[in-house]
Amino acid sequence: MFGLFDSKKKQQPECVTDEVLGEIFYENSMWYSSVDFKLFGKTYHIDIKMYSENGEPVTAAQKESYKKIINNEKIASEIENILQTEVPPEEYECLEYEPEYLCFRPNGDCALIVYIGEKEDDEYLEYAVTIFPEISYYGDEESYMSMVYFT
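Criteria and thresholds
Residues numbered from 1 in each chain as written. Predicted model: local features only at pLDDT ≥ 70, side-chain atom pairs only at ≥ 80, totals over all residues. Heavy atoms only, no water. Helix = DSSP H or I, 4+ residues; strand = E, 2+ residues; numbered from the N terminus. Buried < 20%, exposed > 50% of the residue type's maximum accessible area, 1.4 Å probe, protein only. Contact = heavy atoms within 4.5 Å. Polar contact = N/O pair within 3.5 Å; in protein donor to acceptor, adjacent residues only side chain to side chain. Expected span 1.5 Å × (residues − 1). Arc of directions from axis to C-beta. Phe/Tyr/Trp six-rings, centres within 6.5 Å; stacked < 30°, edge-to-face > 60°. Salt bridge = Lys/Arg side-chain N within 4 Å of Asp/Glu carboxyl O.

S.K.: Please provide a residue-by-residue account of the overall build of the protein chain, values included.
M.R.: Within the protein chain, the secondary structure is distributed over 4 helices and 8 strands. Starting at the N terminus and walking to the C terminus, you meet the elements of the protein chain as α-β-β-β-β-α-α-β-β-β-β-α. Taking all 151 residues of the protein chain together, 42% fall into the buried category. Partitioning the contacts of the protein chain with sequence separation of at least 6, the portion at a separation of at least 24 is 47%.

Structural data, given as structure tokens:
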């Protein structure tokens, strides 16, 4: 009888220790972890999402991109400049740029998803700034994540 109840328990995500990323777990086509990321002089604890179909291991390209980004002040500065240009503070009442997560595609392409304060109509905005293959403004988070999942 107890076996019947045990089989109905929600299965825990697979968790492994990676030599670059530390402890990561797999769920919903992504390997997840977290890291400290500095932007605009503040340090944020953000999520890492490594896209992976069918639970394949994190790729070497994803790990290389990760290593190039973390604690890279030059990349952070370029992201800050892009955000201030594309989403200028004077257009928003209560603007704060807050990084949410880094998303990595299997080929190493990645983006930082950033929460952008509040607009006048209290709409919360999340934007993607691609880092690899080049640092540039991508647009909204939903468009970027659609591209991650479907291309």
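S.K.: Residue-level account of the side chain of Asp18, with values.
M.R.: Relative to the elements of secondary structure, Asp18 occurs in strand 1 (residues 14-18). There is a polar contact of 2.9 Å between the side chain of Asp18 and the backbone nitrogen of Leu21. The residues contacting Asp18, other than those within four sequence positions of it, are Ile24 and Lys63.

S.K.: Any chance you could break down helix 3 (residues 73-86) for me, citing the residues and the numbers?
M.R.: With 14 residues, helix 3 ought to run about 20 Å at 1.5 Å a step, and its terminal C-alpha atoms sit 20 Å apart, in line with that. Of all the positions in helix 3, only Ile75, Ala76, Ile79, Glu80, Ile82 and Leu83 are classed as buried. Buried residues along helix 3 cover an arc of 165 degrees about the axis, so they all sit on one side. For helix 3, the exposed residues set more than 90 degrees away from the buried face come down to Glu73, Lys74 and Thr85. The N-terminus of helix 3 is capped by Asn72, whose side-chain oxygen sits 3.1 Å from the backbone nitrogen of Lys74.

S.K.: Talk me through the packing of aromatic side chains; I want residue IDs and the actual numbers.
M.R.: On inspection of all chains with the given rule, the structure shows 5 aromatic pairs. Between Phe40 and Tyr97, the ring centres sit 4.8 Å apart and the planes meet at 20 degrees, which makes this aromatic pair stacked. Remark: Tyr97 occurs in strand 5 (residues 94-104) and Phe40 occurs in the loop between strand 3 (30-39) and strand 4 (42-51); sequence separation between them is 57 residues. Residue Phe40 is classed as partly exposed on the basis of its relative accessible area, which comes to 28%. Relative to Tyr137, the ring of Tyr127 has its centre 5.6 Å away and its plane inclined at 45 degrees; by these criteria the two rings are tilted. Here Tyr127 is found in strand 7 (residues 124-132), whereas its partner Tyr137 is found in strand 8 (residues 136-140), with 10 residues between them in sequence. Relative accessible area serves as the criterion here: at 28%, Tyr137 is assigned to the partly exposed category.

S.K.: Can you lay out the pattern of salt bridges for me, pointing to particular residues and giving the numbers?
M.R.: Side-chain pairs of opposite charge can arise whenever the charged atoms involved come near each other. Inspection of the entire model under this criterion finds 6 salt bridges. Residues Lys42 and Glu96 are paired through a salt bridge, measuring 3.3 Å at the closest nitrogen-oxygen approach. Of the two residues, Lys42 sits in strand 4 while Glu96 sits in strand 5, which places them 54 residues apart along the sequence. Residue classification places Lys42 among the partly exposed residues on the basis of a relative accessible area of 43%. Where Lys74 meets Glu78, a salt bridge forms, and the shortest distance between an N and an O atom there is 3.0 Å. You can see Lys74 and its partner Glu78 sitting in helix 3, 4 residues apart, about one turn around the helix. We classify Lys74 as exposed; its relative accessible area is 60%. On the accessibility criterion, Glu78 (29% relative accessible area) is partly exposed.

Such coordinate-based values are descriptive only and should not be taken to indicate function.
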